[in-house]
Each structure stands twice: as C-alpha cells, then as structure tokens.
Amino acid sequence: MSKPLPPRRDTPLLRIDIVSVVPQTFGSVLDSSIISRARKANLVEINIHNLHDYGLGRYKQVDDTPYGGGAGMVLRPEPIFECVERLQSERQYDEVIFLTPDGEQLTQPVANRLSMATNLLLLCGHYKGVDERVRQGLVTREISIGDYVLTGGELPALVLTDAVVRLLPGAMGDSESALGDSFQTGFLDAPQYTKPAEFRGMRVPEVLQSGDHANIAAWRESMSLERTRQRRPDMLEE
Ligand code: ADE
C-alpha cells in the first residue's frame, strides 16, 4: 500500500548534483519508490549532469590515454573542472564527493551525516579513473561502497543517494522506520513476518500473533541480539 505523499515543500531539504559520463544509468532508480516520493514532495532535488556536455572539441572528448602508458582511458580534468566550477558558481556545496573504491567506506554514520547537508555534488569516475588533479583540486571527500571494483561510480552514487534520501524527514512515510534500521540501532533487525500465519509448513512465531506488545518487544530484542551475535559479532564488540 502506498502512503500519501507529504505536502510538497517550496525548497528542497537537500539538493544532489551528480556528474557522470553515463547519465542514462540514473533514470529508473531515481523514478521509483522512496526516492521518487521524496523528489515529488521536494524533500530532495536531484540533478544529473552529462559530462559530455563539457567535452572537448568537436567530438566532445572527455577521456584520454594515461601518461606513462597502460590499459584503459582516464577522464581528463578540463571537462570535470568546467562542470563542477559552473555548479559551484551557483551554490556552495557541503561536499564534492568522488565515488572510488579507494575512498572511505560508506557506513550508516557517514550516510547520517550526509543527510544533514544542503548541497551535495557526486562525481562518478569511469573507465580507468580520473586525472589525479581532479581529486587534488575539486574533491573534498572520497567514498567507497565496498571492497570490490565496479565499472564506474554511477551505481555507488545511486547507493549513496538512496542511503541518504531515505533518512530525510518525511521520506519514509513513518519516521520510525529509518531510526529502527539495522546499523542505526547497533544491532541487526529481528525477523519480520506477514500473512499468512502458516506457509508451506512454516509458522509465524506465536508471540507475534499474541497482541502482547511487551512480549513482542522483548522477543524482537532477543532475536535481534541473537542475530547480531551469530552474523556480526564485530558489531557487539563496538
Ligand atoms: N567505483 C568503482 N568501484 C567503486 C566502489 N566499490 N565504490 C565506489 N566507487 C567505485
């Protein structure tokens, strides 16, 4: 069941600008579910910028071969500087974030902090990477979504956007949902069930059907602790 949209805001809480060489990656994700709701209510404004619009010469070149040799192409600095500096001339960004596997790990506390920003600029690398001078001269923060290498920063930018936008007040419909998440509480979530009460011989635990809220809360707490102990003992050490 979809919840009614919150009233539309005059100005967004957060503006996210995303710079990419494959802007077509973003459409379907940004147009679905909670992100789309948040955009419709103007909690967040998201703008995608095609780096090719700032490309060099007749062919709108954005990349070139690496100095010193080697495979792959590297994004040239000029188009990125031009695009980012144009955006910066219009507003001040809290962070210019480059998505890269050698950045700081995206965690819930990082997402929490970023959700309090007003303007974020996300820079997606592609091919072999970006010219180092972009990182030196423009980027204020480098973020990785995990220890694996993707073909570009687009999916990481979407992951970051999703993690941040769902935290904006009003985005989730009921504000409790985001606060109760695994990694917000420091514990993994307890198992969830919906109807039917029995499915293929697997029954919903009696306590959840009892209507006894104190018992249900105690059961959830103990399941949550047990799950964390089994799957993520490292979280309990913290
Ligand atoms: N670009 C390619 N792989 C990435 C990753 N794991 N995190 C962030 N950006 C990336």
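Predicted, not measured: the structure shown is a model, and the values here were computed from it.

K.L.:
Would you mind going over the site of the ligand in detail, with residue names and values included?
P.N.:
Contacts to the ligand come from Leu 99, Thr 100, Pro 101, Ile 143, Ser 144, Ile 145, Gly 146, Tyr 148, Val 149, Leu 150, Gly 152 and Pro 156. Separating a nitrogen atom of the ligand from a backbone N or O atom of Ile 145 is a distance of 3.0 Å. Between the ligand and Leu 150 there is a distance of 3.0 Å, counted from a nitrogen atom to a backbone nitrogen or oxygen. Looking at the shell around the ligand, the elements that each hand over two or more residues are strand S5 (95-105) and strand S8 (141-144). No other element matches S5, which puts three residues into the shell around the ligand. Residue composition of the shell around the ligand, by class: eight nonpolar, four polar and no charged.

K.L.:
Describe the environment of Arg 86, with residues and values.
P.N.:
Assignment of secondary structure puts Arg 86 in helix H3 (residues 77-90). Residue Arg 86 is classed as partly exposed on the basis of its relative accessible area, which comes to 45%. C-alpha separation for the pair Arg 86 and Lys 60, spaced 26 residues apart in sequence, amounts to 17 Å.

K.L.:
Would you mind going over the side chain of Glu 154 in detail, with residue names and values included?
P.N.:
By the secondary structure assignment, Glu 154 is in helix H6 (residues 154-165). Although Glu 154 lies buried, it forms no salt bridge, and the closest oppositely charged side chain, Arg 135, sits 14 Å away as judged by the N-O distance. Sequence-distant contacts of Glu 154, defined by excluding residues within four places in its chain, comprise Ser 20, Val 21, Val 22, Thr 25, Phe 26, Cys 124, Gly 125 and His 126.

K.L.:
Can you explain the layout of surface pockets? Please cite residues and give values.
P.N.:
In this model, the largest pocket occupies a volume close to 670 Å³. Around the largest pocket, the lining is made up of 35 residues, and of these Val 74, His 126, Lys 128, Gly 129 and Val 130 lie nearest the centre. Among the elements of the structure, strand S4 (74-75), H3, S5, strand S7 (129-130), helix H5 (132-137) and S8 are those that each provide at least two residues to the lining of the largest pocket. In terms of residue count, the dominant contributor to the lining of the largest pocket is S5 (five residues). When grouped by side-chain class, the residues that make up the lining of the largest pocket number 16 nonpolar, 10 polar and nine charged.

K.L.:
Describe the side chain of Ser 36, and please don't skip the residues or the numbers.
P.N.:
Inspection of the secondary structure assignment puts Ser 36 in helix H2 (residues 33-40). Leaving out residues up to four positions away in the same chain, Ser 36 has contacts with Leu 30 and Asp 31.

K.L.:
Mind laying out the sheet that holds S8, listing which residues take part and the relevant values?
P.N.:
Strand pairing in a sheet is mediated by backbone hydrogen bonds. Such pairs are either parallel or antiparallel. Judged by pairing direction, the sheet is parallel, and its five strands sit side by side in the order S2-S1-S6-S5-S8 without closing on themselves. In this open sheet, the two strands that pair with only one neighbour each are strand S2 (44-50) and S8. Strand-to-strand, the axes of this sheet are offset by a mean angle of 30 degrees, without reference to chain direction. Examined bridge by bridge, strand S1 (residues 14-20) and strand S6 (residues 119-124) share five bridges and lie parallel to one another. In the sheet register, Asp 17 faces S6, and the bridge partner there is Leu 121. The strands touched by H6 within the sheet are S1, S2, S5 and S6, with S1 carrying the most contacts at an inclination of about 175 degrees.

K.L.:
If you had to explain the pattern of salt bridges to someone new, which residues and values would you point to?
P.N.:
If charged atoms from side chains of opposite charge come close, those side chains can pair. For the structure on display, the rule yields 17 salt bridges. Among the charged side chains, a salt-bridge network with shared partners connects Arg 15, Asp 17, Glu 45, Glu 90 and Arg 91.

K.L.:
Residues and numbers for H2, please.
P.N.:
Among the residues of H2, Ile 35, Ser 36, Arg 37 and Ala 38 are the ones counted as buried. Buried residues in H2 make contact with helix H1 (27-30), S2 and H6. Of the residues flanking the end of H2, it is Asn 42, one or two places downstream, whose phi is positive at about 60 degrees.

Calculation criteria
- Residues numbered from 1 in each chain as written.
- Predicted model: local features only at pLDDT ≥ 70, side-chain atom pairs only at ≥ 80, totals over all residues.
- Heavy atoms only, no water.
- Near = heavy atom within 4 Å.
- Polar contact = N/O pair within 3.5 Å; in protein donor to acceptor, adjacent residues only side chain to side chain.
- Helix = DSSP H or I, 4+ residues; strand = E, 2+ residues; numbered from the N terminus.
- Nonpolar A, V, L, I, M, F, W, Y, C, P; charged D, E, K, R; others polar.
- Buried < 20%, exposed > 50% of the residue type's maximum accessible area, 1.4 Å probe, protein only.
- Lys, Arg positive; Asp, Glu negative; His and termini not counted.
- Salt bridge = Lys/Arg side-chain N within 4 Å of Asp/Glu carboxyl O.
- Contact = heavy atoms within 4.5 Å.
- 1 Å grid on protein atoms, 1.4 Å probe; cavity = no way out; pocket = protein on both sides within 12 Å on 5 of 7 lines; lining within 4 Å.
- Points joined across faces, edges and corners; volume = space filled by probe spheres on them.
- Pairing = 2+ DSSP bridges.
- Axes fitted to C-alpha atoms, helices over the stretch in contact; angles between N-to-C directions.

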